[in-house]
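A structural walkthrough
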Amino acid sequence: MSLDPNLPPSEIENLLAEDRTFPPDPDFTAQANATVDLYAQAEADPEAFWAALARERIDWAEDFHTTLEWDLPFARWFIGGKLNIAYNCVDRHVERGLGDKVAYHWIGEPGDTRRITFADLQREVSRAANALIELGITTGDRVAIYMPMIPELPIAMLACARIGAPHTVVFGGFSAEALSDRINDAEAKLVITADGGWRRGKPAALKPAVDDALAMTTSVTHTLVVRRVGDAVDGGTAMVEGRDVWWHDIVDRQDDRHDPVPLDSEHMLYLLYTSGTTAKPKGIMHTTAGYLLGTSFTHEQIFDIKPDDVYWCAADVGWVTGHSYIVYGPLANATTSILYEGTPDTPDWSRWWQIIEDYKVSILYCAPTAIRAHMKQGPQYAQAHDLSTLRVLGSVGEPINPEAWLWYHEHIGGGRAPIVDTWWQTETGMIMITPLPGVTTTKPGSATFPFPGVGADVVDGEGNPVPLGSGGYLVLTRPWPAMLRGIYGDPERYRQTYWSRFPGMYFAGDGARRDADGYLWLLGRVDDVMNVSGHRISTIEVESALVDHKAVAEAAVVGKTDPITGQAIFAFVIPKVGVEANDALAAELRNHVAKAIGPIAKPKFLMFTPDLPKTRSGKIMRRLLRDIGEGRQLGDTTTLADGGVVEAIRASSGSAEE
Ligand code: 7RM
């Protein structure tokens, strides 16, 4: 992590005060899965806590003999145990009489639907597993998955898990080059893909990118291709004889029974690549038993999952959020989920709310970027639908601005549904910092406290805990079951990246502060922190102050080199629909920030823009905004969701203070 040694010791100043509180509703508390004594119980003996849960929640083919072996920074959990995660997510529910329960209500963007029960899933996954075997895939082989949000995506993941072939899912929006990098690093033998998917009312071809990627790789022997868009893509889909196989040709004729392979607790379940700002992407390794326990238990407690809930995590399966909270966690808990292929604005901005009304969705989990996109349009779309079934709301991916939190609470949650702001990472596998609904009094914008059994702290540059009311670096202080087991093929990079900054502690790369009540407030990536005249200011606080203004839909701020102050704050602002963006408004917004936070945080530059550069999971790519602010050439843009955004921003006009 690059930290400027000239900066004053580590403290990130906390300037924005947010002190509204939302205690749990006693009626919710009375029926909640989570109870307050979970914290003390876990803290008394974390290992014993996880061990008891592992025996209670997982169906083992063989029991484990050792809970944890911690050879810092390498952890092994539930040693000696054998299990199959696909069996735990599918078969055992069918065996217990839940075969007819819906696992996924799938909704295609054009309006086609599929209803997949746990019994259907068992048959489909078994067929797919048999097809993988016919294609020569065996336990330990890596399989790349590059698909749109269709039912065959979780089916493919589970089929891999069933035979012990680690999968690596690559976002359908990534380029051929990004795909080939991941295939090469993983040395994948098979690519499971589709001819295309539906996005914003149009078919988007996918298979041509696979063909291009395979020209840059040598490990792949076959591709398995789902027909999703058919003749809607120009000229249909070209198939390479002997290499490319249609899913319907090979999977449909397989036996719909397959005996799940019992695997070691530490068998690699999947690799998921995270793109850092530099160098090559890191293949984050997750293994079987600890991951299954961590995702299923957090899912049940944090979303208060009950047997008749209809749960919707509106993320992409290609993001870790989809792996943990669309596929493995919810299925392990026999939950009924929504799986939606498309975007929230197609055919118009009421799409999500229509789905919630139609399917009586009771739990919604999404990213702040989606909430702000809805806010930008106004609440009228949500208001025209019956959202009264919603009883828990979740947020993930970025700090949620207090203004967006309050909008979510009021317009989506009807002022009644508790909000869980969940902090975690690809590396953590499971949610680590979060409120427990029915237990925690929430504050808009705070992820509150570590989940029971999780050790987290905020430390200064020397690794000492900061006092209440101060900012610093977020660290994790003890191993947890769903933690990454390393970076694929590069143990040294694993040690360096996460375990060298603060000896004995996992450094998450995020800034955080703890308020006077001990609540945790995430401040964004440490790399994004701005330094203005020696004051370390977090991006989120300035952004939240901007979003707090009624004219602003979204904002991103970065530091721009300044001859006098070291860095000056450069704000990119998306106005709400119908707002006229002019110099007077820019001046008003600057003053608004100065008033909310203090003159030190007043943006020197402010630019109105139609959009912001984001990853597919909605994270603002501030690195690219810094390049724009400095007038530099852009760095790596392979993970940008929409390549046109940067040009649109460049075409916008800025305004600077005198
Ligand atoms: C789940 C996910 C991880 C990074 C993480 C943070 C940021 C995620 C929150 C958050 C503030 C949150 N995995 N982040 N959740 N920041 N509050 N509730 O996003 O690997 O893609 O990203 O995302 O910076 O380090 S991820």
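Residues numbered from 1 in each chain as written. Predicted model: local features only at pLDDT ≥ 70, side-chain atom pairs only at ≥ 80, totals over all residues. Heavy atoms only, no water.

Looking now at the site of the ligand. Within the structure, the ligand sits among 17 residues, and Asp421, Thr422, Thr426, Asp510 and Lys619 are positioned closest to it. Between the ligand and Trp319, the relevant distance is 2.9 Å, taken from an oxygen atom to a side-chain nitrogen or oxygen of the residue. Within the side chain of Arg525, one N or O atom sits 2.9 Å away from an oxygen atom of the ligand. Starting from 520 Å² of accessible surface for the ligand in isolation, the protein chains cover 92%. Counting only elements with at least two residues in the shell around the ligand, the list comes to α11 (320-332), β20 (419-422) and β25 (520-525). Partitioned by chemical class, the residues of the shell around the ligand number 7 nonpolar, 5 polar and 5 charged. (Near = heavy atom within 4 Å. Polar contact = N/O pair within 3.5 Å; in protein donor to acceptor, adjacent residues only side chain to side chain. Areas by Shrake-Rupley, 256 points an atom, 1.4 Å probe, with all protein chains shown as cover. Helix = DSSP H or I, 4+ residues; strand = E, 2+ residues; numbered from the N terminus. Nonpolar A, V, L, I, M, F, W, Y, C, P; charged D, E, K, R; others polar.)

Attention now goes to the confidence of the model for the protein. Averaged over every residue, the pLDDT of the protein is 93; the share at 70 or more is 96%. Of the regions scoring below 50 in pLDDT, residues 1-10 engages in 18 contacts with residues more than four places distant in sequence or in other chains. (pLDDT = per-residue confidence, 0-100. Contact = heavy atoms within 4.5 Å.)

Along strand β8 (residues 190-194), 5 of the 5 residues are buried, which leaves the element largely enclosed by surrounding structure. Every second residue of β8 is oriented toward a common face, with Leu190, Ile192 and Ala194 on one face and Val191 and Thr193 on the other, all of them buried. The sheet contact formed by strand β6 (residues 143-146) and β8 spans 4 bridges and is parallel. The residue of β8 that forms the bridge with Tyr146 is Thr193. In the sheet, β8 pairs with strand β11 (residues 222-226) via 5 bridges, with the strands oriented parallel. Along β11, the bridge assignment pairs Thr193 with Val225. (Buried < 20%, exposed > 50% of the residue type's maximum accessible area, 1.4 Å probe, protein only. Pairing = 2+ DSSP bridges.)

This part covers unusual backbone geometry. Cis peptide bonds are those with omega within 30 degrees of zero, and the linkage from Leu72 to Pro73 qualifies with 5°. On the secondary structure map, Pro73 appears in the loop between β1 (66-71) and β2 (74-79). Cis geometry marks the peptide bond from Thr346 to Pro347; its omega dihedral reads 0°. Residue position: Pro347 is located in the loop between β17 (336-340) and α12 (351-359). We note that Glu187 has phi near 50°; this positive angle belongs to a residue other than glycine. By the secondary structure assignment, Glu187 is in the loop between α7 (176-186) and β8. The phi angle at Lys360 is positive, at roughly 55°, despite the residue not being glycine. Of note, Lys360 is situated in the loop between α12 and β18 (363-366).

Counting across every chain of the model gives 41 salt bridges. Of the charged contacts in the structure, one is a salt bridge between Asp264 and Lys82, with a shortest N-O distance of 3.9 Å. Within this pair, whereas Asp264 is found in strand β13 (residues 263-264), its partner Lys82 is found in strand β3 (residues 82-83), the two being separated by 182 residues in sequence. With a relative accessible area of 28%, Lys82 lands in the partly exposed category. (Salt bridge = Lys/Arg side-chain N within 4 Å of Asp/Glu carboxyl O.)

What follows concerns the sheet that holds β6. Taken in spatial order, the 8 strands of this open sheet run β12-β11-β8-β6-β7-β14-β15-β23, and their pairing is mixed. The two strands at the open ends of the sheet, each matched to only one other strand, are β12 (244-246) and β23 (486-487). Relative to strand β15 (residues 282-287), strand β14 (residues 268-274) runs antiparallel, the two sharing 6 bridges. Residue pairing across strands places Leu271 opposite Met285, the latter belonging to β15.

Turning our eyes to something else, we now look at the state of the cysteines. Summed over all chains, the structure comprises 0 disulfides. No disulfide involves Cys89; its sulfur sits 14 Å from the nearest other cysteine sulfur, which is in Cys160. Its relative accessible area of 0% is what places Cys89 among the buried residues. Considering cysteine sulfurs only, Cys366 is the nearest to Cys313, which forms no disulfide, with 8.7 Å between them. (Disulfide = S-S within 2.5 Å.)

Quick look at the sheet that holds strand β21 (residues 456-459) now. Spatial strand order, β21-β22-β24-β25: 4 strands in an open sheet with antiparallel pairing. Here the strands that pair on one side only, and so sit at the sheet edges, are β21 and β25. Neighbour-to-neighbour, the strand axes of this sheet turn through a mean angle of 45°, independent of strand direction. Pairing geometry for strand β22 (residues 471-476) and strand β24 (residues 506-514), over 5 bridges, is antiparallel. Along β24, the bridge assignment pairs Gly472 with Ala512. (Axes fitted to C-alpha atoms, helices over the stretch in contact; angles between N-to-C directions.)

Let us now look at the environment of Pro151. Tracing the backbone shows Pro151 in the loop between β6 and α6 (152-163). Each C-alpha atom of the pair Pro151 and Glu124 lies 9.8 Å from the other, and the pair is 27 residues apart in sequence. In this structure, Pro151 is in contact with Trp106, Arg114, Ile116 and Leu339, ignoring residues within four places of it in sequence.

Put simply, helix α5 (residues 118-134) and α6 touch, their axes get as near as 8 Å, and they point 65° apart. In the packing of α5 onto α6, the handedness of the crossing is right-handed. Listed contacts from α6 to Leu121, Glu124, Val125, Ser126, Ala128, Ala129, Leu132 and Ile133 of α5 are Ile155, Leu158, Ala159, Cys160, Arg162 and Ile163. Of the residues belonging to the contact of α5 with α6, the class tally is 11 nonpolar, 1 polar and 2 charged. (Left-handed = near helix turned anticlockwise from the far one by under 90°.)

A word on the side chain of Glu266. Inspection of the secondary structure puts Glu266 in the loop between β13 and β14. Looking at Glu266, its side chain comes within polar contact range of the main-chain nitrogen of Trp77, at 2.7 Å. Of note is the side chain of Glu266, whose polar atom sits 3.0 Å from the side chain of Thr287. Among all residues touching Glu266, those that are not within four sequence positions of it are Ala75, Arg76, Trp77, Thr287 and Arg485.

Regular strands place side chains that alternate from one sheet face to the opposite one. Bridging between β1 and β2 involves 5 bridges; their strand directions are antiparallel. Considered in β2, the bridge of Trp70 is made with Ala75. The loop that links β1 with its antiparallel partner β2 comprises 2 residues.

Ranked by size, the top nonpolar core spans 137 residues in total, and within it Trp50, Leu121, Ile145, Leu158, Ile192, Phe303 and Tyr328 carry the most contacts. The biggest single contributor to this core is α6, with 9 residues. With near-sequence residues (within four places) excluded, Trp50 lies in contact with Trp77, Phe78, Leu293, Phe297, Met430, Phe451, Pro452, Gly453 and Pro481. Within the second largest apolar cluster, 28 residues are counted, among which are Trp312, Ile355, Val361 and Ala382. (Core = buried A, V, L, I, M, F, W, Y, C linked by side-chain atoms within 4.5 Å.)

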